[in-house]
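Overview (structure and organization)
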Amino acid sequence: MIKGLIQTKGQTMQVLRPVLVRDSVGSRKQTFHARPSVQGYVASRSVSEGFDGNRQRAVETISVYVSGGEDILMTDRLKFDGQTYEVIGKRTPGMRSDTDRLFYHIIDAVGNEDV
């Protein structure tokens, strides 16, 4: 069922992986490089609002189902629908392995946005 949802109702998501590069004066800084896109089904979303100083912010939490074996790390970011989300968790339900035809991952991610 989940694999079918990923294939039929899934969205293409760009995976961004952090790398350290040297700037013009030799200092190291973190930037994000694009990795191959993945197909994922956004299953749930929740939004909470709060204030950061005098600025109102909305924090959106999502759960994304992706096919098993996708190269997504806890340090990555996902970009789709014009928003970037930071990966905060990666789970594999049950005792499934890459030999199981129903093998998939659940990726938890958050996005911060000014309102």
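One can find the structure itself at the top, above this paragraph.
Residues numbered from 1 in each chain as written. Predicted model: local features only at pLDDT ≥ 70, side-chain atom pairs only at ≥ 80, totals over all residues. Heavy atoms only, no water.

**So, the side chain of H105**
Note on placement: H105 falls in strand β7 (residues 104-114). A polar contact is formed between the side chain of H105 and the side chain of T92, at a distance of 2.9 Å. Sequence-distant contacts of H105, that is, excluding residues within four places in its chain, are made with V64, Y65, V66, S67, G68, G69, E70, K90, R91 and T92. (Helix = DSSP H or I, 4+ residues; strand = E, 2+ residues; numbered from the N terminus. Polar contact = N/O pair within 3.5 Å; in protein donor to acceptor, adjacent residues only side chain to side chain. Contact = heavy atoms within 4.5 Å.)

**Regarding the pattern of salt bridges**
The full count for this structure, using the stated rule, is 7 salt bridges. Across the pair D76 and R17 runs a salt bridge, and its minimum N-O distance is 2.8 Å. Residue D76 is found in the loop between β4 (55-67) and β5 (77-80), and its partner R17 is found in strand β1 (residues 11-22); the two are separated by 59 residues along the sequence. Neither residue differs from the other here; D76 and R17 are each classed as buried. Among the salt bridges present, the one from R45 reaches E60, with a minimum N-O distance of 2.8 Å. (Salt bridge = Lys/Arg side-chain N within 4 Å of Asp/Glu carboxyl O. Buried < 20%, exposed > 50% of the residue type's maximum accessible area, 1.4 Å probe, protein only.)

**Re the packing of aromatic side chains**
One pass over the structure, following the stated rule, counts 2 aromatic pairs. Look at Y65 and Y104: their rings are 5.7 Å apart centre to centre, the planes differ by 45°, and that puts the pair in the tilted class. Here Y65, found in strand β4, pairs with Y104, found in strand β7; they are 39 residues apart in sequence, far enough to count as distant. Residues F80 and Y85 carry aromatic rings whose centres are separated by 5.1 Å and whose planes lie at 20° to one another, so their mutual orientation is stacked. As far as the burial class goes, F80 and Y85 line up, both buried. (Phe/Tyr/Trp six-rings, centres within 6.5 Å; stacked < 30°, edge-to-face > 60°.)

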